[in-house]
Amino acid sequence: MKRIGVLTSGGDAPGMNSAVRAVVRTAIYHGLEVVGIERGYAGLINGEMRLMNLSSVGDIVHRGGTVLRTARSEAFRTPQGRAQAADNLRKMEVDALVVIGGDGSFRGATLLANEHGIKVIGIPGTIDNDIPCTDYTIGFDTCVNTVLDAINKIRDTATSHERTFIIEVMGRRAGYIALQAGLAGGAESILIPEVPFSLEDVVQKLLRGHARGKLHSIILVAEGAGSALDIGKYIEEKTGFDTRVTILGHIQRGGAPSAFDRVLAARMGAKAVELLLAGESKKMVGIVSEQIKDFDIEWALQQKKEIDLEVYKLANILSI
Ligand code: F6P
């Protein structure tokens, strides 16, 4: 193996740049060449590639987003698209590919390996933290801190106006962001798709709080659990409380990566290159109990990641 490729794919996540830097520098350290592929699989199909050197990844460790840019490619879902992508890799003499992204990106990488014999390693990068076999994905910690900052600010105005706020956060079909930020931010209720909930219970809790003099409240809802707008309307109707809705949106995907995400990205990026040097393919890198591990990517994609119900229970106890 002489030359490897690296791309970022799917929704961007803070820390992706730190991971790209780690892949490029570890590879060069070990005498490999690295090709950076722009705009994820879409760029791979279009042949948007450039040889990287040490300074290509200079001054990016602290930046949000991804300097390689990213995309969600429909064309890569087709066998023709993947054949074109594999062809471009061969033309550039790229023997192996490091894919930084979410589970959809990992599925794409697996198909590329199975259909065209390209060696692939996946690094989990998504704010959603919804990838099995890793306690954390790159970007999750930064995102939670961004949400927490927003909760703190909303709390100021909620207190001043004695209002109930419904804050909707991202996470696709998962509630990790809502749970972590909700516990850290002292939300009164946290609504996540993994745990069935009743809006009537949420209303009763608000009324109980109100009866003991609590005049403002924050309810965190994961986008996968329902619409904050609908929930806000329901709560206002049932309680008569002055209610506002904030949908945090893409602000959650931006910003400088936290120290945790940068270190995680550095460790995962280095591990991905080490795996390729050891002749491995079709593996994903993960962090489990602080240890960097690797897993068969196809097996990993079949696993179900469970949310920590103890943490959910604790959040409920603390917001009684
Ligand atoms: O997967 C990351 C994520 O931000 C999800 O939380 C969200 O549902 C989705 O991407 C939004 O995607 P887009 O930026 O394409 O609208």
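Residues numbered from 1 in each chain as written. Predicted model: local features only at pLDDT ≥ 70, side-chain atom pairs only at ≥ 80, totals over all residues. Heavy atoms only, no water.

Enquirer: How do you make sense of the site of the ligand when you look at a structure like this?
Expert: Close contacts around the ligand come from Arg 72, Thr 126, Ile 127, Asp 128, Met 170, Gly 171, Arg 172, Glu 223, His 250 and Arg 253, and that covers them all. Here His 250 contributes a side-chain N or O atom positioned 2.8 Å from an oxygen atom of the ligand. The contact in question runs from an oxygen atom of the ligand to an N or O atom on the side chain of Arg 253, over 2.8 Å. Here the ligand, which alone exposes 400 Å², has 72% of that area covered by the protein. Residues that form the shell around the ligand fall into these classes: two nonpolar, three polar and five charged. (Near = heavy atom within 4 Å. Polar contact = N/O pair within 3.5 Å; in protein donor to acceptor, adjacent residues only side chain to side chain. Areas by Shrake-Rupley, 256 points an atom, 1.4 Å probe, with all protein chains shown as cover. Nonpolar A, V, L, I, M, F, W, Y, C, P; charged D, E, K, R; others polar.)

Enquirer: What should I look at first to understand the pairing of strand E1 (residues 3-8) in this one?
Expert: Most of E1 sits out of view: six of its six residues are buried. Of the two faces of E1, both are covered, the one formed by Arg 3, Gly 5 and Leu 7 as well as the one formed by Ile 4, Val 6 and Thr 8. Sheet topology note: the E1/strand E2 (residues 33-37) ladder contains four bridges and is parallel. Residue pairing in the sheet places Gly 5 in a bridge with Val 35 of E2. Crossover E1 to E2 through helix H1 (residues 16-29) is right-handed. (Buried < 20%, exposed > 50% of the residue type's maximum accessible area, 1.4 Å probe, protein only. Helix = DSSP H or I, 4+ residues; strand = E, 2+ residues; numbered from the N terminus. Pairing = 2+ DSSP bridges. Right-handed = clockwise from strand over helix to strand, strands pointing away.)

Enquirer: Please explain the UniProt feature "binding site: ATP" (unreviewed entry) in the chain as it appears in this structure.
Expert: Per the UniProt annotation, the sites labelled "binding site: ATP" (unreviewed entry) are Gly 11, Arg 72, Ser 73, Gly 102, Asp 103, Gly 104 and Ser 105. In summary, the annotated positions, though distributed over 95 residues, converge in three dimensions, the widest C-alpha pair being only 13.7 Å. Residue class for Gly 102 comes out buried when judged on its relative accessible area of 14%. Inspection of the secondary structure assignment puts Asp 103 in helix H4 (residues 103-116). Residue class for Asp 103 comes out buried when judged on its relative accessible area of 14%. Look past the residues within four positions of Asp 103 in its chain and what remains in contact with it is Ile 131, Arg 172 and Leu 301. (UniProt positions renumbered as here; feature names shortened; annotations may be inferred. Contact = heavy atoms within 4.5 Å.)

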